[in-house]
Amino acid sequence: MKFKAILFDAYGTLFDVHTVIKACEEYYPDKGTKISQLWRQKQIEYAMQSQIMDRYVDFYELTKKSLRYAIDAVDEEVTPESEEALLHAYFKLNLYSEVKQVLAYLKEKGYLLAIFTNGPKHMIDPLVAHHRLAPLFDDVISIDEIKQYKPSMASYHYAANKLEVERDEVLFLSSNPWDIAGAKNYGFSTVWVNRDHQVPEHRELTPNRVIHDLTNLVK
Ligand code: LAC
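Just so you know, the residues in each chain are numbered from 1, in the order the chain's sequence is written. In view of the model being predicted, local features appear only for residues whose pLDDT reaches at least 70, and side-chain atom pairs are presented and counted only at 80 or more, with totals across whole chains, interfaces and linings using the full set of residues. Think of the side-chain values as coming from all heavy atoms in the structure, minus any hydrogens and water.

As annotated in an unreviewed UniProt entry, the protein chain carries the name Haloacid dehalogenase type II and is attributed to Priestia flexa. UniProt positions are given in the numbering used here, feature names are shortened, and annotations may be inferred rather than shown by experiment. Taken verbatim from the UniProt record of the protein chain, the Sequence similarities (unreviewed entry) comment is "Belongs to the HAD-like hydrolase superfamily. S-2-haloalkanoic acid dehalogenase family."

Can you break down the overall build of the protein chain residue by residue, with the values?
Here a helix means four or more residues in a row that DSSP labels H or I, a strand means two or more in a row labelled E, and each is numbered from the N terminus. Check the secondary structure of the protein chain and you find nine helices and eight strands. C-alpha atoms define the radius of gyration, and 2.2 Å times the number of residues to the power 0.38 defines the globule rule. Relative to the globule expectation of 17 Å for 219 residues, the C-alpha radius of gyration of the protein chain, 17 Å, shows essentially globular dimensions. When its C-alpha atoms are laid out on the principal axes, the protein chain stretches across 55 × 35 × 30 Å. We call two residues in contact when some of their heavy atoms are within 4.5 Å. Taking the contacts inside the protein chain whose residues are at least 6 apart along the sequence as the reference set, 65% of them involve residues at least 24 apart. Computed with the Shrake-Rupley method and a 1.4 Å probe, the accessible areas treat only the protein chains shown as cover for residues. Carbon and sulfur atoms make up 50% of the accessible area of the protein chain, which totals about 10,400 Å².

Could you give an account of helix α5 (residues 99–108), naming the residues involved and the relevant values?
For an α-helix the count is 3.6 residues per turn, leaving residues at separations of three or four pointing the same way. All of the buried residues along α5 are Val 99, Val 102, Leu 103 and Leu 106. Buried positions in α5, seen along its axis, are confined to an arc of 100 degrees and lie on one side of it. Residues of α5 that are exposed and point more than 90 degrees away from the buried face comprise Gln 101 and Glu 108. Against the buried residues of α5 lie β1 (5–8), β3 (94–95), β4 (112–117) and α9 (215–218). A positive backbone phi angle near 95 degrees is found at Gly 110, which sits one or two residues after α5. Using a 1.4 Å probe on the protein chains alone, a residue whose accessible area is under 20% of its type maximum counts as buried, one over 50% counts as exposed, and one in between counts as partly exposed. For this quantity, the arc is that covered by the directions from the helix axis to the C-beta atoms.

Help me get a handle on the site of the ligand, residues and values and all.
Any residue with a heavy atom positioned within 4 Å of a molecule or strand is treated as near that molecule or strand. Taken together, Asp 9, Ala 10, Tyr 11, Arg 40, Ile 44, Thr 117, Asn 118, Lys 150, Asn 176 and Trp 178 make up all the residues around the ligand. Any pair of nitrogen or oxygen atoms within 3.5 Å is treated as a polar contact; in protein, a donor-acceptor pairing is required on top of that, and neighbouring residues in sequence qualify only through side-chain atoms on both sides. Measuring from an oxygen atom of the ligand, one finds a backbone N or O atom of Ala 10 at 3.3 Å. Measuring from an oxygen atom of the ligand, one finds a backbone N or O atom of Tyr 11 at 3.0 Å. Against a free-state accessible area of 220 Å², the protein chains account for coverage of 100% of the ligand. Put plainly, a pocket is an open set of points on a 1 Å grid over the protein atoms alone with protein on both sides within 12 Å along at least five of seven lines, a cavity is a set where a 1.4 Å probe fits but cannot get out, and a lining residue has an atom within 4 Å of a point. Placement in a cavity or pocket follows one criterion, namely that more than half of the molecule's atoms lie within 2 Å of its grid points. Cavity membership is defined here by more than half of the atoms lying within 2 Å of grid points; on that basis the ligand lies in the largest cavity.

Give a description of the sheet that holds strand β8 (residues 209–211) that names residues and reports values.
At least two DSSP bridges between two strands are needed for those strands to be called paired. Sheet architecture is open: six strands sit in the order β5-β4-β1-β6-β7-β8, paired in parallel fashion. Each having just a single partner strand, β5 (139–142) and β8 make up the two edges of the open sheet. Between one strand axis and the next, the sheet turns through 25 degrees on average, direction left out of account. Bridge count between β1 and β4: four bridges; the pairing is parallel. Bridge pairing in β4 links Leu 7 to Ala 114. Under this scheme, a helix contributes an axis fitted over its contacting stretch, all axes are lines through C-alpha atoms, and angles between N-to-C directions fall in the 0 to 180 degree range.

Help me get a handle on the confidence of the model for the protein chain, residues and values and all.
pLDDT is defined as a per-residue confidence score from the predictor, taking values between 0 and 100. Of all residues in the protein chain, 100% have pLDDT values of 70 or greater, and the mean over the chain is 97. For this predicted complex, the interface score ipTM comes out at 0.92, alongside a pTM of 0.96.

Quick look at the structure:
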């Protein structure tokens, strides 16, 4: 067993961020998909801008800020009710259907399993509890603990140190190309979970494997 630890990004990799489309449609009919896409795009952009400006704002605040942008961008009004409902939906995102089965298999094989995410614990812990995932993970690691967003080198370094493993003992999985590039840049082996069949990026930091869902990992 070459790897000691397998780390998983949270949003888009374990949890489906576009679960929120249903709630978006209830408040903004026919604009739910557009809002959800802009919301996710801006949430990531704001995290990177926060990192580059050295002006840390936690991912929940950035999730609120990007939601407001997305609703404004489709010429709709944010109301206290819609904002509360849509943010609440972020704490009940669907778990991708194959996740529990694959995690149980990997745990049985003896790997250290952890979530490694931009989300603060107060966003991630409710999702882990909601889906009863705690028995499967040895740790939930948030960059909020060092206030350095992914894909910074410092963030991946923190995760390896927290698990007390060397970078070449870690396999990192994410659905986000920028996250895979960052992890590879740091020195992890990487598996891109290309759930949405996106076009490959960062060919100089290419993932070790590309899969479309976690079942391929088992194979
Ligand atoms: C995460 C988001 C950025 O870190 O995918 O979970």
